[in-house]
Structures are given as C-alpha cells and as structure tokens.
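# Results of the structural survey
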Amino acid sequence: MKNLWTTVKKSKTTYITLISLVLAFIMPILFNVFHLGRSNRIIFLFFVINILFAGFMGWFAKKYSLSFYNLIIFPVIFVISVFAKYGRYGYFLAGIYLVLSILIYFLFDD
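A short tour of the structure in this document, coming up. Here the structure is a predicted model, which is why all the values come from computation and not from measurement.

## Details of helix α3 (residues 38-63)
- With 26 residues, α3 ought to run about 38 Å at 1.5 Å a step, and its terminal C-alpha atoms sit 35 Å apart, in line with that.
- A bend of about 30° at Asn-50 is the largest found in α3.
- Among the residues of α3, Arg-41, Leu-45, Phe-46, Asn-50, Phe-53, Ala-54, Gly-55, Met-57, Gly-58, Phe-60 and Ala-61 are the ones counted as buried.
- Looking at the buried positions of α3, the neighbouring elements they touch are α2 (12-33), α4 (73-85) and α5 (89-107).
- Looking one or two residues past α3, Ser-65 carries a phi angle of roughly 50°, positive in sign.

Rendered as structure tokens:
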C-alpha cells in the first residue's frame, strides 16, 4: 500500500486531476459561498482562471513530456461539472480549453 501511495504521489497526472477537480467543482461553490454573482463566476472563473489553467496545462504537459492525453483531463472534468449544474455555454468552453491546451502544447515544441 505504501508503494502505491508513493507512485500516486509522484504522478503528475494525479496533480493535474486534483487541480482540475478543484477548478471545476470547488471554485464555483466558493464563488456562491462568497456571494459572487453568476456573471463574476463566468467572467473570472470560466474565462480568466480556467483559460490560464488550460494554457498552463499545455505548457506543463510539454515540459514534463507527459502523454498528450493528459490535456483532456481538465475539459472532461469541466464537462461533467457543467452537465451537473450549468448551462450549455460550458460545453463550448470545454472545447476552448482543449483547443488552447493543444495549441500551447505544440507551440512549445522542441
């Protein structure tokens, strides 16, 4: 069991998944708890923070030579959260996050 935990702790994919879960599920809840409106959530969280994270994902995956499939973790988790709670615009945002991650991934090609 300890060997399994050490392997999971060293995995960069685990960290990507955890940050994606926080951004897709926890941050919108925090926006509601602090009474930040829907427009603030859409502008700051969905457009600013998530787009920066999607770009960071592309760079991070390229820098650490992670599998190309690590780029779809965040958009898939985001689509799950959108399906559970938000409107149709979220599906388009997930596509934007994926395209941006792929562009940044190939931008930093050696």
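## A word on α4
- Here α4 spans 19 Å end to end across 13 residues, near enough to the 18 Å set by a 1.5 Å rise per residue.
- Listing the buried residues of α4 in full gives Ile-73, Phe-74, Pro-75, Ile-77, Phe-78, Ser-81 and Val-82.
- Packing partners of the buried residues in α4 comprise α2, α3 and α5.

## Things to note about the packing of aromatic side chains
- One pass over the structure, following the stated rule, counts twelve aromatic pairs.
- Ring centres of Phe-78 and Tyr-97 lie 5.1 Å apart, and the angle between their planes is 75°; this geometry places the pair in the edge-to-face category. Taken together, the residues Phe-78 in helix α4 and Tyr-97 in helix α5 connect sequence positions 19 residues apart. Take Phe-78 and Tyr-97: they sit in the same class, and that class is buried.
- Every member of this aromatic cluster is reached through a ring pair, and the members are Phe-46, Phe-53, Phe-56, Trp-59, Phe-60, Tyr-64, Phe-74, Phe-78 and Tyr-97.
- Positioned above the aromatic ring of Tyr-64 is the side chain of Lys-12, whose terminal nitrogen or guanidinium carbon lies 4.8 Å from the ring centre.
- Sitting above the plane of the Tyr-105 ring, Lys-62 keeps its charged end 4.6 Å from the centroid.

## Some remarks on the nonpolar core
- Ile-16, Phe-46, Phe-78 and Tyr-97 are the most contacted members of the largest nonpolar core, which totals 23 residues.
- Those elements that place two or more of their residues in this core are α2, α3, α4 and α5.
- Per-element accounting of this core gives the leading share, seven residues, to α3.

About the criteria used
- Residues numbered from 1 in each chain as written.
- Predicted model: local features only at pLDDT ≥ 70, side-chain atom pairs only at ≥ 80, totals over all residues.
- Heavy atoms only, no water.
- Helix = DSSP H or I, 4+ residues; strand = E, 2+ residues; numbered from the N terminus.
- Expected span 1.5 Å × (residues − 1).
- Bend = angle between axes of the 7 residues up to and from the residue.
- Buried < 20%, exposed > 50% of the residue type's maximum accessible area, 1.4 Å probe, protein only.
- Contact = heavy atoms within 4.5 Å.
- Phe/Tyr/Trp six-rings, centres within 6.5 Å; stacked < 30°, edge-to-face > 60°.
- Lys NZ or Arg CZ within 6 Å of the ring centre and 35° of its normal.
- Core = buried A, V, L, I, M, F, W, Y, C linked by side-chain atoms within 4.5 Å.

Everything listed is a geometric property; what it means functionally is a separate question.
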